[in-house]
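Descriptive analysis of the structure
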Amino acid sequence: MGHWLHRNIVEPGKLPLLLALTAFVLTFLITRCVTRLIRAGKGPFGNISTGGVHIHHVVPGVVLSVVGGFGAVASGRHGFGAALCAVVFGIGAGLVLDEFALILHLDDVYWSEEGRKSVEVVVLTAALVGLLLAGFSPFGVNDVTQDEAQDRGGVISSVVLNFLFAMVVLLKGKTRMAIFSVIVPLVGLIGLIRLARPNSFWARRFYRRRPRARARALLRAYRHDKRWSGPRRKFQDLLGGKPDPVRPLEP
């Protein structure tokens, strides 16, 4: 195990990335546990306020991200300084993305339905960083041969082609697949072949005069959402806690 860690992580300079990812995931999980205890009124924890202003944990998260990010740039990929800055950055990023929904909506939606976006972004970020740690390069640059790598034209054409794949998948309304296709081009190829989401730009533009394709897209989206929305919500509730029930509007 030690030999594998040194050969695949330490030697290529990926130890800071591993430490940052570990700190990021642990910070998110610990933060969610603490906020659940505060929500339930248990334990020694409580909200932090000063001068009547509630201090969200995104504030220290931004500070730690800035400190760790600039420190990582200055310290390089090896040594204790790089490892320390990676941990600081990972902690800061975990605190910031745990309140991603608050930043997006500019409102305290932490325990609302909109707050689920924070969990989605954290899971997506951890998955993408994990792929980078495993050796996947953006736009499939790692897939080119040694001769192609020496030829700038080959590398540029590979990047442009995979970028176009990701953009088409994004236009088809498949945001998650588009993001993952940046790291794994095969995902983009699959999204390129499959039908677009019915409300996407691609469907409005190219399915307008194709009623059969539009009907197939609607049916496929309905079946996909019906199959995966339940498990996805349960997974989000497991990680981030159940949101508050929506209260009916008073007449």
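The coordinates are above.
Remember, it's a predicted structure, so these values are computed and weren't measured experimentally.

1. So, empty space enclosed by the protein
Under the counting rule described, the total for this entry stands at two cavities of 30 Å³ or more. For the largest cavity, the lining is made up of 13 residues, of which Arg32, Tyr110, Gly115, Arg116 and Gly241 are closest to its centre. Breaking the lining of the largest cavity down by element, the ones donating at least two residues are α6 (116-134) and α12 (211-240). Take the lining of the largest cavity: its biggest share by element is three residues, from α12. Its volume calculated, the second largest cavity comes out at about 40 Å³.

2. Some details on the packing of aromatic side chains
Here the structure, examined in full by the defined rule, presents two aromatic pairs. Ring geometry for tyrosine 110 versus tryptophan 111: centroids 5.0 Å apart, planes at 85°, classification edge-to-face. The burial state of tyrosine 110 is the same as that of tryptophan 111; both residues are buried. Here the aromatic rings of tryptophan 202 and phenylalanine 206 are separated by 4.5 Å at their centres, their planes lie at 40°, and the arrangement is tilted. Residue tryptophan 202 and its partner phenylalanine 206 are both found in helix α11 (residues 201-206); the two are separated by four residues, about one turn of the helix. A residue is classified by how much of its surface remains accessible, and tryptophan 202, at 22% relative accessible area, is partly exposed.

3. Concerning the nonpolar core
Counting 13 residues, the largest nonpolar core has Leu21, Phe24, Phe28, Leu97 and Val122 as the members making the most contacts within it. Listing elements by their share of this core, those giving two or more residues are α2 (15-40), α4 (80-98) and α6. When residues in this core are grouped by element, the largest group, six residues, is from α6. Counting residues in hydrophobic clusters, the runner-up holds six residues, among them Leu195, Ala196, Ala203 and Ala217.

4. Details of the environment of valine 168
Structurally, valine 168 can be placed in helix α8 (residues 152-171). Spatially, the C-alpha atoms of valine 168 and leucine 192 are 6.7 Å apart, while their sequence positions differ by 24 residues. Contact partners of valine 168, with chain neighbours within four places excluded, come to Leu192 and Trp202.

5. Section: the pattern of salt bridges
For the structure on display, the rule yields six salt bridges. Across the pair aspartate 98 and arginine 32 runs a salt bridge, and its minimum N-O distance is 2.7 Å. Placement of the pair is aspartate 98 in helix α4 and arginine 32 in helix α2, with a sequence separation of 66 residues. The exposure class of aspartate 98 is buried, given its relative accessible area of 0%. The exposure class assigned to arginine 32 is buried, which follows from its relative accessible area of 3%. Of the charged contacts in the structure, one is a salt bridge between aspartate 225 and arginine 197, with a shortest N-O distance of 3.0 Å. Pair noted here: aspartate 225 is in helix α12 and arginine 197 is in the loop between α10 (185-193) and α11, with a separation of 28 residues, a long-range link. Taking the relative accessible area as the measure of exposure, aspartate 225 reaches 28% and is therefore partly exposed. Look at the salt bridges and you will find they share partners, linking Glu113, Arg116, Arg233 and Asp237 into a network.

Definitions and limits used
- Residues numbered from 1 in each chain as written.
- Predicted model: local features only at pLDDT ≥ 70, side-chain atom pairs only at ≥ 80, totals over all residues.
- Heavy atoms only, no water.
- 1 Å grid on protein atoms, 1.4 Å probe; cavity = no way out; pocket = protein on both sides within 12 Å on 5 of 7 lines; lining within 4 Å.
- Points joined across faces, edges and corners; volume = space filled by probe spheres on them.
- Helix = DSSP H or I, 4+ residues; strand = E, 2+ residues; numbered from the N terminus.
- Phe/Tyr/Trp six-rings, centres within 6.5 Å; stacked < 30°, edge-to-face > 60°.
- Buried < 20%, exposed > 50% of the residue type's maximum accessible area, 1.4 Å probe, protein only.
- Core = buried A, V, L, I, M, F, W, Y, C linked by side-chain atoms within 4.5 Å.
- Contact = heavy atoms within 4.5 Å.
- Salt bridge = Lys/Arg side-chain N within 4 Å of Asp/Glu carboxyl O.

Note that all results are geometric; they support no functional claim without further evidence.
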